[in-house]
Amino acid sequence: MVLVLFGASASRIFYGVRNRNYEAGLRHWAKVNLILNQIDANYVDSIDKRQFSEKLIPLIMSELDPHSVYMPPQILQEAEDELQGHFDGIGITFNVPNDTAIVISIIASGPSERAGLMTGDRIIRIQGDTVAGVGIPQDSLVKLMRGPSGTKVNLDVLRDGEIVPFTIVRDKIPVKSVDVAYMINDTTGYVKLSKFTRTSYSEFMSVIPEMLDKGMKKLLFDLRDNSGGYLDQALLLSNEFLAKDEMIVYMEGRHRPRQEFSADGAGSCRGVNLYVLINENSASSSEILAGAIQDNDRGTVIGRRSFGKGLVQEPVYFSDESGIRLTVARYYTPSGRCIQRPYEKGKEDYLFDIYERYQHGEMMDVDSIPHNDSLKFVTKKGKVVYGGGGIIPDIFVPIDTVGVTDLLVKINKQSLQMKYALEFSDRFRNELRKIKDLESLESLFRRVNLENDFKSFLQSKGIAIPKKEWEISGDIIMTQVRAITGRYSSLDDNAFYPIYSEIDNVIQAAVKAE
């Protein structure tokens, strides 16, 4: 009886304290409302309340963590479209090398292909307004061509010296998150995932069976520069590699009880030797997957320390189609790590952390990576790992500076590889459209004698080619030229990534790793 009475008294005390805290909280928020009401009732000038709110809300959100943000309607819609795996548009990829938009690739069966647009076409006018040679930013061109499905956009393009008009009916355009998937050799596969969208898992599962059938025993799963996305996609993809009941991640917050997510053991890649590639721009869902693989000793993480985002955002939508992303919890890897890096010094310091890594030598030397001994954890097999600042790879690969010369820097600074690729694609447009595999592409390059052709192009631009510098940088330069030019063929990324991997030191290190 005493225990029951004590319990009842404790409950009354607890709820009394909670109610007082809640009421105190309301009083503090009430002050904000009081100030706004006073401005509304007594301020000398009229106030545009909508505009006032649009400026005030971001200031409120900026006082929280770096990832809690307010998103106006247009920004929110663009973010939602990207993560949903589709947007409304005309279905092209274009570049603007010389102040003119040039079509690089066209989505198969999309609106532009149906209308007859072709790679190499130069977009001169949109809806009758000139957009070539007038300094319009690339993102503005994107906005002019995007629009609701079913609406029309008129383009005038320059093709073979002639202006050709097109009327294109916009439609839903799929956004792929698996940039490329191919076999590097007889037993090693490579998949690059650019983001975690609604379709990431289904895209991954559409390419893996064929790679397994081809004899894949080892997979390089490239999450470099992948800033994250949907949590459920990270869970589904992690599940493909882990054994039954192995934890993937857990989440916990002040108003969110601990929630654990574990594998079901039904994954199709559990027997594959796995290497996860990360860098300083791999964040959020990328870190969840890399952390799950590392903490379960399931595979090898290779590259450079990841971004360090361990906060969970929950969307809140408003009736005017704006919304916020509010941090409601932290996520933790199976060993208990929260890999969120510190942000107490403010958003500016947080955003400039990557530059600090360069200054402190971390991009070149594994010993420069900070380790917080108070955040030391161990994996299933006892390997020491650290929290509080991203995922530290098992195998560190520095930024590649081998072969860098003044000639290489000059060519890169002027984007001469891209300008040459455009010129090459104009001369060999028909041949490039017929390319079906890498062997055919390389055959075309040999027939043209690509190296001599590119050197002639450089000389026409007034670029001297010192023999010693070409001996050091020539292979790198020509690999870049081949990869970028390959994008103008029908292979697109299926040419670019396999060719570029020849000079990608992280991929090369992963291929050699046992």
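Conventions and cut-offs
- For every chain, the first residue of the written sequence is number 1, and numbering continues from 1 onward in sequence order.
- Given that the model is predicted, a residue must reach a pLDDT of at least 70 before its local features are reported, and side-chain atom pairs must reach 80 or more before they are shown or counted; all residues, however, enter totals for whole chains, interfaces and linings.
- Computation of side-chain values covers all heavy atoms of the structure but excludes hydrogens and water.
- Under the scheme used here, helices are H or I runs from DSSP no shorter than 4 residues and strands are E runs no shorter than 2 residues, and both carry numbers assigned from the N terminus.
- Computed with a 1.4 Å probe, the accessible areas rest on the Shrake-Rupley method; for each residue, only the protein chains presented here act as cover.
- None of His or the chain ends enter the tally, which takes Lys and Arg as positive and Asp and Glu as negative.
- Taken as the charge centre is NZ of Lys, CZ of Arg, CG of Asp or CD of Glu, depending on the residue.
- Fitted lines through C-alpha atoms give the axes, limited to the stretch in contact for helices. The angle between two N-to-C directions lies from 0 to 180 degrees.
- What sets the label is the angle itself: under 35 degrees gives roughly parallel, over 145 gives roughly antiparallel, 65 to 115 gives roughly perpendicular, and the rest give oblique.
- Here a crossing is called left-handed whenever its near helix is offset anticlockwise from the far helix by less than a right angle, and right-handed whenever the offset is clockwise.
- Throughout, a contact is declared for two residues whenever any of their heavy atoms are within 4.5 Å.
- Only Asp, Glu, Lys and Arg are considered charged in this grouping, and only Ala, Val, Leu, Ile, Met, Phe, Trp, Tyr, Cys and Pro are considered nonpolar; every other residue, Gly among them, is considered polar.
- A 1.4 Å probe rolled over the protein chains alone gives each residue an accessible area, and that area as a share of the maximum for its type sets the label: buried under 20%, exposed over 50%, partly exposed in between.
- This arc is built from the directions going out from the helix axis to the C-beta atoms.
- Two strands make a pair as long as DSSP finds a minimum of two bridges between them.
- Each aromatic pair joins two rings of Phe, Tyr and Trp (for Trp, the six-membered one) with centres within 6.5 Å, and gets the label stacked for planes under 30 degrees apart, edge-to-face for over 60, and tilted for any other angle.
- By the criterion adopted, a ring carries a charge over it if an Arg CZ or a Lys NZ lies within 6 Å of its centre and within 35 degrees of its normal.
- Helix span is expected to be 1.5 Å times the residue number reduced by one.
- Salt bridges are identified by distance alone: a Lys or Arg side-chain nitrogen within 4 Å of an Asp or Glu carboxyl oxygen.
- As used in this structure description, the phrase polar contact means that two N or O atoms lie within 3.5 Å; if the pair is within protein, one of them must be able to donate a hydrogen and the other to accept it, and residues adjacent in sequence are counted only when both atoms belong to side chains.
- What makes a patch is a set of residues exposed beyond 30% relative accessible area and free of salt bridges, joined within 9 Å when like-charged and within 5 Å when nonpolar (Val, Leu, Ile, Met, Phe, Trp, Tyr).

A. Layout of the overall build of the protein. Each helix and strand in the protein was counted, giving 18 helices and 21 strands. With an accessible surface of roughly 26900 Å², the protein has 53% of that area assigned to carbon and sulfur atoms. For the protein, the centre of its 62 positive side-chain charges and the centre of its 70 negative side-chain charges are spaced 2 Å apart.

B. Region of the structure containing the packing of helix α14 (residues 438-448) against helix α16 (residues 467-486). At their nearest, the axes of α14 and α16 sit 11 Å apart, and the two run at 120° to each other. With respect to α16, the axis of α14 lies oblique. With respect to the hand of their crossing, α14 and α16 are arranged in right-handed fashion. Only R482, T485 and G486 of α16 make contact with α14, whose side of the interface consists of L441, E442 and F445. Of the residues that constitute the contact of α14 with α16, the class distribution is two nonpolar, two polar and two charged.

C. A look at helix α18 (residues 505-512). All of the buried residues along α18 are V506, I507 and A510. The buried residues of α18 occupy an angular sector of 100° when the element is viewed end-on, so they sit on one face. Those residues of α18 hidden inside the fold are in contact with β11 (188-193), β12 (218-222), β15 (273-278) and β16 (300-303).

D. Layout of the pairing of strand β5 (residues 122-126). Buried residues dominate β5, accounting for four of its five residues. Pairing between strand β4 (residues 101-106) and β5: two bridges, direction antiparallel. Paired with A101 across the strands is I123, a residue of β5. Where β5 meets strand β7 (residues 152-159), four bridges bridge the pair, whose relative direction is antiparallel. Bridge pairing in β7 links R125 to D156.

E. Spotlight on the packing of aromatic side chains. Applying the stated rule across the entire model yields 16 aromatic pairs. A centroid spacing of 5.3 Å and a plane angle of 40° characterise the contact between F204 and F221, whose relative ring orientation is tilted. Taken together, the residues F204 in helix α6 (residues 200-213) and F221 in strand β12 connect sequence positions 17 residues apart. Side by side, F204 and F221 carry an identical accessibility label, which is buried. Owing to a relative accessible area of 0%, F221 belongs among the buried residues under this scheme. By the ring-pair criterion, three or more aromatic residues cluster together here, those being Y420, F424, F428, F445, F454 and F457. Over the ring of Y350 we find R341; its NZ or CZ atom is 4.0 Å from the centre of that ring. Between R487 and the ring centre of F496, over which it is positioned, the NZ or CZ distance is 3.8 Å.

F. Quick look at the packing of α14 against helix α17 (residues 493-500). Between α14 and α17, the least distance of the axes is 11 Å, while the angle of their chain directions is 75°. Between α14 and α17, the angle falls in the class roughly perpendicular. Residues L438, L441 and E442 of α14 pack against N494, A495, P498 and I499 of α17. Residue composition of the contact of α14 with α17, grouped by class: five nonpolar, one polar and one charged.

G. View of helix α12 (residues 416-427). Taking 1.5 Å of rise per residue, the 12 residues of α12 would be expected to cover 16 Å, and the 17 Å separating its terminal C-alpha atoms lies within 8% of that figure. Burial in α12 covers these residues: L416, Q417, Y420, A421, L422, F424 and S425.

H. Region of interest: the pattern of salt bridges. For the structure on display, the rule yields 31 salt bridges. Linking R357 and D353 is a salt bridge whose minimum nitrogen-to-oxygen distance equals 2.9 Å. Here D353 and R357 lie together in helix α10 (residues 353-359), a separation of four residues that amounts to about one turn. Note on accessibility: R357 and D353 belong to one class, buried. Taken together, the shared-partner salt bridges in this structure form one network comprising D121, R122, R159, D160, D426 and R429.

I. Layout of the environment of Q508. Assignment of secondary structure puts Q508 in helix α18. Side-chain polar atoms of Q508 contact the backbone oxygen of S501, separated by 2.6 Å.

J. Fine view of a nonpolar patch on the surface. A contiguous nonpolar patch, built from W29, V32, L36, Y43, V44, I47 and F52 and spanning about 700 Å² of accessible area, is present on the exposed surface. No other element matches the three residues that helix α1 (residues 2-42) contributes to the nonpolar patch. Relative to the helices and strands, I47 resides in the loop between α1 and α2 (49-62). By relative accessible area, I47 is classed as partly exposed at 34%.

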